[in-house]
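Next come the chains, spelled out residue by residue.
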Amino acid sequence: MTHPALPFAGCEFATFRAADGVTPDQLLAASQRMRQQFLLQQPGFIEHALLQGDDGLWADMVLADSRASAEAICQRFMQHEACLAYLALIAPDSAKLTFWARHDTTSAAAGGDPAR
C-alpha cells in the first residue's frame, strides 16, 4: 500500500526522556493538547508525531512548510501554556533539538521549496 507524501520542506526533531514517574499515557495526552491548542494554529504547520523508541527514548517531530516555519513554531512554543505543560513532563537536560530542511524531489514536486 502506498501513501501520498506529505508536502513538507522543514522539520523540528527532538529526542528526550520522560521525567521520573511520567507515563506514556500522560505524554500522549499532553502531546494531543499541545497539538490542538497550539500547533494547529501555527502558520506553516503540517503535522506532528510523538514517537517512542527503545530504552525510554522518545522523539517529537513537527513537520512544516519550511525549515524557517519549523524554527518559528519552536520559538513561539515557549510562550504557550499547553506547550509548557508538555515540557514539564520531559526529564531535565534530556532533550536534544534539531531542525532539518528537506532536500529530496518529493518535497519539491509537492510544492515545497527545500531551500526555505
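These figures come from a predicted structure and were not determined experimentally.

J.: It is not clear to me how unusual backbone geometry should be interpreted in this structure. Could you clarify?
T.: Of note in this structure, Asp-55 is not a glycine but carries a positive phi near 55 degrees. One can find Asp-55 in the loop between strand E2 (45-52) and strand E3 (57-64). Backbone geometry at Asp-93 places phi at a positive 60 degrees, although glycine is not the residue there. Checked against the element boundaries, Asp-93 lands in the loop between helix H3 (81-87) and strand E4 (96-101).

J.: I'm lost on the packing of aromatic side chains in this one. Help?
T.: The geometry of an aromatic ring pair comes down to the distance between the two centres and the angle between the two planes. Counting across every chain of the model gives two aromatic pairs. Ring centres of Phe-16 and Tyr-86 lie 6.3 Å apart, and the angle between their planes is 80 degrees; this geometry places the pair in the edge-to-face category. In this pair, Phe-16 is assigned in strand E1 (residues 10-17) and Tyr-86 in helix H3, connecting sequence segments 70 residues apart. Look at Tyr-86 and you get buried, because its relative accessible area is 2%. Pairing Phe-38 with Phe-77 gives two aromatic rings, centres 6.1 Å apart and planes at 85 degrees, and the pair type is edge-to-face. Linking Phe-38 in the loop between helix H1 (24-37) and E2 with Phe-77 in helix H2 (residues 67-77), this pair joins segments that are 39 residues apart in sequence.

J.: I'm lost on the pattern of salt bridges in this one. Help?
T.: It is possible for side chains of opposite charge to pair when their charged atoms get near one another. Going through the model one piece at a time under the given rule, you end up with three salt bridges. Here Arg-35 and Glu-47 are joined by a salt bridge, their closest N and O atoms 2.7 Å apart. On the criterion of sequence distance, the pair formed by Arg-35 in helix H1 and Glu-47 in strand E2 is long-range, its members being twelve residues apart. Here Glu-47 falls in the partly exposed class, since its relative accessible area comes to 28%. Its salt-bridge partner being Asp-104, residue Arg-102 comes within 2.9 Å of it at the nearest N-O pair. Overall, the relative accessible area of 13% leaves Arg-102 in the buried class.

Rules behind the numbers
- For every chain, the first residue of its written sequence is number 1, and the numbers climb from 1 along that sequence.
- Side-chain atom pairs in this predicted model are given and counted only at pLDDT of 80 or more, local residue features only at pLDDT of at least 70, and totals for whole chains, interfaces and linings cover all residues.
- Based on all heavy atoms of the structure, the side-chain values leave hydrogens and waters out of the count.
- Put simply, DSSP H or I for four residues or longer makes a helix, DSSP E for two residues or longer makes a strand, and each gets a number counted from the N terminus.
- When two rings of Phe, Tyr or Trp (its six-membered ring) have centres within 6.5 Å they constitute a pair, described as stacked for plane angles under 30 degrees, edge-to-face for angles over 60, and tilted for the intermediate range.
- Accessibility here uses a 1.4 Å probe with only protein chains present; expressed as a share of the type maximum, an area under 20% marks a residue as buried, one over 50% as exposed, and anything in between as partly exposed.
- For salt bridges, the criterion is a side-chain nitrogen of Lys or Arg within 4 Å of an Asp or Glu carboxyl oxygen.

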